[in-house]
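Descriptive analysis of the structure
The residues making up each chain are set out below.
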Amino acid sequence: MGIHDNNHITVNGVFGGDMDMSALPLGSKNKYKRMDSELTDGDDDSHHHHQLEDRRKTTRKFVLACAIFASLNNVLLGYDVGVMSGAILFIHQDLNITEVQEEILVGILSIVSIFGSLAGGRVSDAIGRKWAMGLAAVIFQAGAAVMAAAPSFEILMIGRILAGIGIGFGVMIAPVYIAEISPTVARGSLTSFPEIFINIGILLGYVSNYAFSGLPAHINWRIMLVVGIVPSVLIAFALFVIPESPRWLVVQNRVEEARSVLLKTNENDAEVEERLAEIQLAAGNTTDAQNHEDKPVWRELLSPSPALRRMLLTGFGIQCYQQVTGIDATVYYSPEIFKAAGMQGESKLLAATVAVGVTKTVFILVATFLIDKVGRKPLLYASTIGMTACLFTVAISLSLLGHGSLGIALAILSICGNVAFFSVGMGPVCWVLTSEIFPIRFRAQASALGAVGNRVCSGLVAMSFLSVSRAITVAGTFFLFSAISATSVAFVYMIVPETKGKSLEQIEKMFEKGYESQGGEVQLGDAERLMQKQ
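Residues numbered from 1 in each chain as written. Predicted model: local features only at pLDDT ≥ 70, side-chain atom pairs only at ≥ 80, totals over all residues. Heavy atoms only, no water.

For the protein, the name recorded in an unreviewed UniProt entry is Probable polyol transporter 4, with Coffea arabica as its organism.

1. Remarks on the overall build of the protein
Let me state the cut-off plainly: To qualify as a helix, a DSSP run of H or I must reach at least 4 residues; to qualify as a strand, a run of E must reach at least 2; elements of each kind are numbered from the N terminus. Classification of residues uses two cut-offs on accessible area relative to the type maximum, computed with a 1.4 Å probe and protein chains only: under 20% is buried, over 50% is exposed, and between them is partly exposed. Note on areas: Shrake-Rupley with a 1.4 Å probe; residue coverage comes only from the protein chains shown.
Looking only at helices and strands, the protein features 23 helices and zero strands. Residues counted as buried form 54% of the 534 residues belonging to the protein. Accessible surface, the protein as shown: approximately 22700 Å² in total, 65% of it carbon and sulfur.

2. Some points on the nonpolar core
The line we're drawing: Only buried residues count toward a nonpolar core, which is a set of Ala, Val, Leu, Ile, Met, Phe, Trp, Tyr and Cys residues joined through side-chain atoms within 4.5 Å. Residue contacts follow a heavy-atom distance rule, with two residues in contact if any of their heavy atoms lie within 4.5 Å.
Ile91, Leu156, Phe465 and Phe478 are the most contacted members of the largest nonpolar core, which has 134 residues in total. In terms of residue count, helix H21 (residues 443-495) provides more of this core than any other element does, 15 residues in total. When sequence neighbours within four positions are dropped, the list of residues in contact with leucine 156 reads Ile91, Leu95, Leu105, Met147, Ala150, Trp221 and Leu225.

3. Let's talk about the environment of asparagine 209
The condition that has to hold: By the criterion applied in these results, polar contacts are pairs of N or O atoms within 3.5 Å in which, for protein atoms, one can donate a hydrogen and the other can accept it, and in which residues neighboring in sequence qualify only through two side-chain atoms.
Positionally, asparagine 209 belongs in helix H7 (residues 193-212). Remark: the alpha-carbon pair of asparagine 209 and alanine 351, spanning 142 residues in sequence, is separated by 9.2 Å. A polar atom in the side chain of asparagine 209 sits 3.5 Å from the backbone oxygen of valine 83.

4. What to know about the confidence of the model for the protein
Test applied: Note: pLDDT gives the predictor's confidence per residue, expressed from 0 to 100.
A residue-level look at the protein finds 84% of positions with pLDDT of 70 or above and a mean pLDDT of 78. For the protein, helix H23 (residues 521-533) is the element with the lowest average pLDDT, namely 37, and helix H18 (residues 376-400) is the one with the highest, namely 92. Predicted confidence is poor over residues 285-294, with pLDDT under 50, and the contacts of this stretch with residues over four places away or in other chains come to 13 contacts. When the criterion is pLDDT under 50, residues 516-534 qualifies, and its contacts beyond four places in sequence or with other chains add up to 19 contacts.

5. Observations concerning the side chain of serine 208
Among the structural elements, serine 208 can be located in helix H7. The buried category is assigned to serine 208, whose relative accessible area is 6%. In this view, serine 208 contacts Tyr79, Val83 and Met224; residues no more than four positions away in its chain are not counted.

6. Some thoughts on the environment of valine 176
When you line up the elements, valine 176 lands in helix H5 (residues 153-181). Of the residues examined, valine 176 reaches a relative accessible area of 1% and is grouped as buried. Separated by 267 residues in sequence, valine 176 and arginine 443 have C-alpha atoms that sit 7.3 Å apart. With residues up to four places along the chain from it excluded, the contact list for valine 176 reads Arg129, Ser435, Arg443 and Ser447.

7. Structural notes on the packing of helix H20 (residues 426-436) against H21
The condition is simple: In this analysis, axes come from line fits to C-alpha atoms, helices being fitted only over the stretch in contact, and the angle between any two N-to-C directions falls in the range 0 to 180 degrees. Each angle receives one of four descriptions, namely roughly parallel if under 35 degrees, roughly antiparallel if over 145, roughly perpendicular if within 65 to 115, and oblique otherwise. Less than a right angle of anticlockwise turn of the near helix away from the far helix marks a crossing as left-handed, whereas a clockwise turn marks it as right-handed.
Taken N-terminus to C-terminus, the directions of H20 and H21 make an angle of 155°; their axes are 10 Å apart at the nearest point. As the angle between them shows, H20 and H21 are arranged roughly antiparallel. The two elements H20 and H21 cross, and the hand of that crossing is right-handed. Each of Met426, Trp431, Thr434 and Ser435 in H20 lies in contact with H21, whose residues at this interface are Arg443, Ser447, Ala451, Asn454 and Ser488.

8. Side note on the packing of aromatic side chains
We apply this condition: Stacked, edge-to-face and tilted are the three classes for Phe, Tyr and Trp ring pairs, Trp counted by its six-membered ring, which pair at centre distances within 6.5 Å; planes under 30 degrees apart are stacked, over 60 edge-to-face, the rest tilted.
This structure, assessed with the given rule, holds seven aromatic pairs. Relative to phenylalanine 237, the ring of phenylalanine 69 has its centre 5.8 Å away and its plane inclined at 75°; by these criteria the two rings are edge-to-face. Separated by 168 residues along the polypeptide, phenylalanine 69 in helix H1 (residues 26-70) and phenylalanine 237 in helix H9 (residues 229-238) bring together distant segments of the chain. Between the aromatic rings of phenylalanine 465 and phenylalanine 478, the centroid separation amounts to 6.3 Å while the plane-to-plane angle is 80°, which identifies the pairing as edge-to-face. The buried category is assigned to phenylalanine 478, whose relative accessible area is 0%. Taken together, Tyr333, Phe465, Phe478 and Phe481 form an aromatic cluster joined through their ring pairs.

What follows is the structure, encoded as structure tokens:
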């Protein structure tokens, strides 16, 4: 039987013979084609999803590596703070220095680092963030070498001055670099890395004290100090791994290089172009933002606009509060504090300081996980209130409980509690805020100004702690610290804005509108952007 029409071919037999698929009706043929097309589309979607996931993982690893390498300079500051608390005991014996010389030796690093921070802003604007970090490491290495070989107090001071300049450079630049290279959703966590590495350095310094304390007094402190060169050697390797800040590249009109860096640090191309447009607008590279070209940065900082004044008050204020609450005195002079509580024996004193270092390091990791989830202000509230309570408790234990075992235990617990609350909030959030609130034009030099306030307060506290303690007792000094810490709670409430989830350019606009415009539309816009990415 043969059937011929437009939709069928001849079929020989009903059950027998060969049947080709083309013998089926046209509608059925299209149905099979659609099923095959859907399977192909599904494979394409799956492949695209895997590509996006691979890029996301690669981007996160790359940004994490950049943050780690950029933070290595901060290990130097932490190590110096930690190691000097024990080394000073043996320097005192070996070089026969006075108590006043001891205070100067400890505090001079913070004072001198002011000049490093001030120069760091200008230098990083001129040669780039990356190479400024390299210069900081070189200067610190020179200072550490001089200190380790110092035959006298005067030569030791020269080494401390060099080390202080290098540390001032590094401390100021690292948070700025990380903030400029990080994606918005992870900026808080990544920008807290410098504070993590400061704490790691402090812990390593404490461990170094304990490990080398058994050596002769004329050699052990020298080994303690020279070990601090090791992290700065790693920075030389880091310079060949990390890229330059994309925001600095845009300011230098190297837009294609900036795009190349953003492609490595952001998860999709659309976000790269969006960020690049925002950076260009903020940097004044577009026709809509050519309004600050001829006016020097420092002149604008000295006579700021209302928005810039709010930024400076927030950044400078939070940096000063970080130090005037006595954290460096607690870390530098923890052996002296434990002595005042009744603890005896150098090994016991140094072991107790190791406990302080471990506590400080563990809790900074807690802050890293929470800062982009909970926000900056809640962590600052918890930190300042907790520090106030712990500082008050230290004062009570030293003044009322005498030298008994209860007083010693409470003093150790309170000191550990103080550094724990500091590490949860005031420690990392201070540097995060300072690095993200200023416009790109002012960021490096305004951050340097904040670092200057931080280092001045640190130096004043470190250089006066022993003298003030002799005048009003150690307990009286901690009553003073607790009162200052109580005022920091009010400062956070009235002055500090919440910056979680905002791009650096959105934060700038928030300050321009005033503190009353911190919520609502801007946060909703960020939430919508995040939902679109997901």
